[in-house]
Number of protein chains: 2
Amino acid sequence: MNYQQIMKSYQLIRNLEETLALLEWDQAVYMPKRGIQSRAEKIAFLTEIIHSKYLDDDFYISLYKLYEGPDFKDFPFQKQKEIEFLIYLLVKKRKIPANLEIELARTKALAQDEWEKARETGDDREYKKLLIKIIDLKIRYANTIGYKNNPYDALLDDYDPNLKYSFIAPLFEELKGQLVEFIQKINKSSVTINTDFLNKSYDVQKQWDFGLFILEQMGIDLESFRQDYSVHPFTTNIGVFDVRITTNLKENNVMDGFFSTIHETGHALYELGVCEALEYSPCANLLSLSLHESQSRFYENIVGRSRGFWEHYFPHIQKVFPQNLEQVKVEQFYQAVNQVKLSPIRIEADEVTYNLHILLRTEVENKIINGTLKVMDLEEYWNETTKSLFDFYPASKKEGYLQDIHWSAGLFGYFPTYTLGNLISAQIYQAMQKDIPDLVNFSGDKFTKIKEWMKAKVYQMGNMYSTEELVNKISGENLKSDYFMKYLDDKYQDIYQL
Amino acid sequence: MNYQQIMKSYQLIRNLEETLALLEWDQAVYMPKRGIQSRAEKIAFLTEIIHSKYLDDDFYISLYKLYEGPDFKDFPFQKQKEIEFLIYLLVKKRKIPANLEIELARTKALAQDEWEKARETGDDREYKKLLIKIIDLKIRYANTIGYKNNPYDALLDDYDPNLKYSFIAPLFEELKGQLVEFIQKINKSSVTINTDFLNKSYDVQKQWDFGLFILEQMGIDLESFRQDYSVHPFTTNIGVFDVRITTNLKENNVMDGFFSTIHETGHALYELGVCEALEYSPCANLLSLSLHESQSRFYENIVGRSRGFWEHYFPHIQKVFPQNLEQVKVEQFYQAVNQVKLSPIRIEADEVTYNLHILLRTEVENKIINGTLKVMDLEEYWNETTKSLFDFYPASKKEGYLQDIHWSAGLFGYFPTYTLGNLISAQIYQAMQKDIPDLVNFSGDKFTKIKEWMKAKVYQMGNMYSTEELVNKISGENLKSDYFMKYLDDKYQDIYQL
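Position numbers for residues start from 1 in each chain and track the written sequence from start to end. In the order they appear in the text, chains get letters beginning with A and ligands get numbers beginning with 1. The model is predicted, so local features are restricted to residues of pLDDT at least 70 and side-chain atom pairs to those at 80 or more, both for listing and for counting; the totals for chains, interfaces and linings are taken over all residues. Each side-chain value is worked out from all heavy atoms of the structure, with water and hydrogens disregarded.

A.B. asks: For this particular structure, what's the right way to read the overall build of chain A?
C.D. replies: A count of helices and strands for chain A gives 20 helices and three strands. With the principal axes as the frame, chain A shows a C-alpha extent of 70 × 50 × 45 Å. A sequence separation of at least 24 residues applies to 73% of the contacts in chain A between residues at least 6 apart. Values of accessible area rely on a 1.4 Å probe in the Shrake-Rupley scheme; residue burial ignores everything except the protein chains shown. Carbon and sulfur atoms make up 48% of the accessible area of chain A, which totals about 19900 Å². Within chain A, the 73 negative side-chain charges are centred at a point lying 1 Å from the centre of the 58 positive side-chain charges. By definition, any uninterrupted DSSP run of H or I lasting at least four residues is a helix, any uninterrupted run of E lasting at least two residues is a strand, and each is numbered from the N terminus. We call two residues contacting when some pair of their heavy atoms lies within 4.5 Å. Counted charges follow a simple rule, with Lys and Arg positive, Asp and Glu negative, and His plus the chain ends left uncounted. Each charge is placed at NZ for Lys, CZ for Arg, CG for Asp and CD for Glu.

See the structure below:
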């Protein structure tokens, strides 16, 4: 195979993986209930075919020949990175037995269905059986891929290449100390924030329309994008110029749905931005989830929970819901969407306490994959850790360990990227402020400027740099928690008069 | 391969074909516009993979060994039929060069997109280029498959195995004479039917809800089914217990959308009924489209345009749209939904003139595939034939040769099955009347009885009998136009006092 033929083999794999993404999107969004068995079969069959393509020796050997050939060093940078990325991917994929991939794919499809049922009914017996199976398969996966110190590292690598638990653990430990102290300070504040008006009845269709208005403001191209409903919001890439998000709106909690929508829109802007710059290149694929979450969390929090954003957009939302918001001042609204409060649901959490949810999950995942926590003890461990971190027990499984879809979808190792994303977003923001004057003011074409900046610094890089390399390239420093803590400090000092 | 392994190979193909169906469904229903290039690639890649599975020699040889083996005659009937069907399918598929399948798949995907654009803008230049390509590929396909007298036969076979133009042509010619004479009689009638109230403003959401109410009445299991919007309504099978229809509702034409919904629901009941009886068997696959259309047209016309149906359901629709229907009597409504009028759009036509639309298309297709009509002359030929059959010229391309999606989707040879379906539905109805007393009365559980009858006589047969065999089995006679003409005669004599 020459370079063109290699790229064609890659295109085939990528198109099949995106077809798999459509099967999964459809399952979460539109599939009739009784279609699940047949859907799981399709996902398993397609996974088998994709895996067989990764095992093609000619593909692998041809890549290596290019990589070790005399011309490699003269290739353009992107071409070098494409080859390196494909080798990284193939080395990994070729270690995995087909049976394991197929069994995992089928079990995940069934488990997501059982997860939805368990949430509805509270009866999690069937779900637990499948979760045990997924964890068993994930541990086998980690052992197959291999690792130096911790099997969990083999899973982290799937979401952020080369990420290690030994990097995360001290960083998160330090952050935990900083956050606990910070939350205590806030708890002592005499400022009380009224959020009652956010829990009045908000017409869901109007919420939907306002969300669409904002995401257009953010610079989404509606011809490459769509939004639908699902139990758990997510973003998926179905193809070049076909990126989709989902949301979940509640009549009595207008801001949950809103922040979920702009969170996913942050992901979608990233995917579409990479796609615009790199189209079918392998460098547009499997982006670091930490960088991905830095994009979603940047738009959700640093933009979407900023005073500047609401100074501009509060009159708009006020006009959509006059009955609920006519009497509310923009400053009250700004405070309400930034109330810091220990609460049970991760995706509804404020940006301070949010990270405690992630620390809990990261710890649980590490224990599960290391075999020191079993599914039969998971719920109790979850509840006790919640009690110690949040000072309450979850009111139900749905508000406890069943709240996230991730484990049913086999996503062990994904959670830490949310907090890494938070840290990165603050570090990026710091750099952005130097380049974009008056960044807090959203009255002009600020979203266009932010998008252009992201394009230059993040989007067009695709997967050509590791998370750490890119953070360094953008900020001139290694990833650390200081920028994030400083961002929180500046913001909440003002809100809570600390 | 033993029987089990053969079945597994078949399952793989079927699941991949249903995945292809999801890619196509999504393209028609939800895909963002700019996703089209990437979607066409996916469809082409998946088609290539499916085709390679059909080419597997082991699969083919193992099937033949079973077929020619000493035990074949002792196999249960269904097992024999499964093997025969798979051999029929493989013999055909293995003749087709992979390139042809792939090119056709890709071109169809792009052409459907251009067809939608051409309808919107009236500019059909890009669409025509793709249509020329599709026709060229279809002719190559016919030549590859082979035929005795007419290349069109090779295409008809895809929709109804063994159907020949030499069978259709005289049947349709006879029907044409009968219909033209019948329409002349109706035109001479002094009865005038008022349909104005059907063209008032009908809230689209309420139309949607009423459609859902009726299809539940018809016996659809909503957990195996869904309905969405698309430009051109269709039914598709995404998997076992995952059947989907689309509809297209218009504010000012309430009955078009309604009849389209129950037409597609007839298809869906058939697919789900076959699925319930035969699940993953090859005998549940590639059902005769003539039988399929007999089901959809039965529910649309023989049921949905009957006096008995509206005597029961008119009070329901009246309650949904009191402003428009309060003053209307059930007999007026019954007459209005049965007005016979030569009109430009096939899917909006009454059940009498409908067949003239099909005769036109069948004639055009036969000429195109025989090379005696070229795309550059198609529009003019269409318009002139419309003038001679309907006595008017289409007002636009959209009301003319661009009205149907079929050719852009490569469906040459499908159209005749609509009229065959009409004839079959009347012949089936004749037999059903003997078994179900008081068939015209819909006040009890009539839909359940009809569904059970269809299950016993049609659904559970899957593809085990040819269209002709099944018609004979059910009615004791060959397929002919007499029952259909008698049905029309009885019904319209009364309405138009002929």
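Further notes follow.
A.B. asks: When you look at the sheet that holds strand 3 (residues 242–247) of chain A in this model, what are you seeing that I'm missing?
C.D. replies: Each strand in a sheet pairs with another by means of backbone hydrogen bonds, the pair being arranged parallel or else antiparallel. DSSP-based pairing: two strands are paired if at least 2 bridges between them are found. An order of 1-3-2 (chain A) is seen for the three strands of this open sheet, with the pairing classed as mixed. Only two strands of the sheet have a single partner each, and these edge strands are strand 1 (225–229) and strand 2 (235–239) of chain A. Looking at each pair of strands side by side, their axes are set apart by 25° on average, direction ignored. One ladder, built from four bridges, connects strand 2 of chain A with strand 3 of chain A; its direction is antiparallel. Counted as the bridge partner of threonine 235 of chain A is isoleucine 245 of chain A from strand 3 of chain A. Axis geometry follows a simple rule: fit a line to the C-alpha atoms, using only the stretch in contact for helices, then measure angles between N-to-C directions, giving values from 0 to 180 degrees. Packing against the sheet, helix 2 (residues 36–54) of chain B makes contact with strand 2 and strand 3 of chain A, and its axis sits at approximately 70° to strand 2 of chain A.

A.B. asks: Looking at this structure, I do not really get the interface of chain B and chain A. What am I missing?
C.D. replies: Interfaces are frequently sized by the accessible area removed from exposure as the parts join. Contacts between the two partners involve 39 residues from chain B, matched on the other side by 39 residues from chain A. Throughout, buried area stands for the accessible area (probe radius 1.4 Å) lost by two parts on being put together, summed over both. In this assembly, chain B packs against chain A so that about 3300 Å² is buried in total across both faces, 60% of it on carbon and sulfur atoms. By salt bridge we mean one thing: a side-chain nitrogen of Lys or Arg within 4 Å of a carboxyl oxygen of Asp or Glu. For the interface between chain B and chain A, the tally reads 10 salt bridges. Here arginine 39 of chain A ties to aspartate 242 of chain B by a salt bridge, and the two come within 3.4 Å at their closest N and O atoms. Polar contact is defined as a pair of N or O atoms within 3.5 Å, subject to the rule that within protein one atom must be able to donate a hydrogen and the other to accept it, and that residues adjacent in sequence are counted only when both atoms are side-chain atoms. Linking chain B with chain A are 22 residue pairs in polar contact (both at pLDDT 80 or more). Mapped by element, the contributors of at least two residues to the side of chain B that touches chain A are helix 1 (3–29), helix 2, strand 1 (225–229), strand 2 (235–239) and strand 3 (242–247) of chain B. It is helix 1 of chain B that provides the largest number of residues to the side of chain B that touches chain A, a total of 11 residues. When residues are grouped by polarity, Ala, Val, Leu, Ile, Met, Phe, Trp, Tyr, Cys and Pro land in nonpolar, Asp, Glu, Lys and Arg in charged, and all others, Gly among them, in polar. For the side of chain B that touches chain A, a count of residues per class yields 16 nonpolar, eight polar and 15 charged.

A.B. asks: Teacher, can you tell me more about the nonpolar core here?
C.D. replies: Nonpolar side chains in soluble globular proteins tend to be buried together. Residues belong to one nonpolar core when they are buried, are Ala, Val, Leu, Ile, Met, Phe, Trp, Tyr or Cys, and are joined through side-chain atoms within 4.5 Å. Note on classification: 1.4 Å probe, protein chains only; a residue is buried when its accessible area is under 20% of the maximum for its type, exposed when over 50%, partly exposed between these limits. One finds Trp310 and Phe333 of chain A together with Trp310 and Phe333 of chain B to be the most contacted residues of the largest nonpolar core, which totals 338 residues. The residues touching phenylalanine 333 of chain A, leaving out its near neighbours within four places in the chain, are Phe197, Leu198, Met255, Trp310, Phe314, Ile317, Leu325 and Val328 of chain A.

A.B. asks: How should the relation of the copies chain B and chain A be read in this particular structure?
C.D. replies: Look at the two chain copies: a rotation about an axis and a shift along it is all it takes to match them. Here the copies are superposed with least squares, the fitted atoms being C-alpha atoms of residues at a pLDDT of at least 70 in both. Each copy superposes on the other: chain B lies on chain A with an RMSD of 0.0 Å after a rotation of 180° and an axial shift of 0.0 Å. Such values leave the two copies arranged in the relation of a two-fold axis.

A.B. asks: Mind showing me how you'd approach unusual backbone geometry here?
C.D. replies: When glycine is set aside, most residues are seen to have a negative phi, and most peptide bonds are trans. Unlike most non-glycine residues, aspartate 438 of chain A shows phi in positive territory, near 55°. The exposure class assigned to aspartate 438 of chain A is partly exposed, which follows from its relative accessible area of 49%. Positioned with a positive phi, phenylalanine 241 of chain B is a non-glycine residue whose angle comes to about 65°. With respect to the helices and strands, the residue phenylalanine 241 of chain B is situated in the loop between strand 2 and strand 3.

A.B. asks: It is not clear to me how the environment of threonine 419 of chain A should be interpreted in this structure. Could you clarify?
C.D. replies: Residue and element names in this part refer to chain A. Relative to the assigned elements, threonine 419 resides in helix 17 (residues 416–435). Once the C-alpha coordinates of threonine 419 and leucine 175 are considered, the two residues, 244 residues apart in sequence, prove to be 9.7 Å apart. Those residues in contact with threonine 419, other than ones at most four positions away along the chain, are Phe172, Leu175, Asn355 and Ile358.

A.B. asks: What's the story with the domain arrangement of chain A in this structure? I'm lost.
C.D. replies: Residue and element names in this part refer to chain A. Domain boundaries shown here were taken from an automatic or database domain assignment. Here the domain parsing of chain A yields domain 1 (3–146) and domain 2 (165–496). Summarising the inter-unit geometry, the C-alpha centres of domain 1 and domain 2 are found 26 Å apart. Opposite the 36 residues of domain 1 that make contact, domain 2 presents 43 residues. Note on domain 1 versus domain 2: buried area summed over both sides is about 3600 Å², and carbon and sulfur give 65% of it. Looking only at domain 1, the three residues that lose the most surface to domain 2 are Trp25, Trp115 and Arg119, adding up to 19% of its buried area. For the interface between domain 1 and domain 2, the tally reads one salt bridge. Where domain 1 touches domain 2, the interface holds 12 residue pairs in polar contact (both at pLDDT 80 or more). Only helix 1 (3–29), helix 4 (77–93), helix 5 (98–121) and helix 6 (125–145) provide two or more residues apiece to the side of domain 1 that touches domain 2. Here the side of domain 1 that touches domain 2 gets 11 residues from one element, more than from any other, and that element is helix 1.

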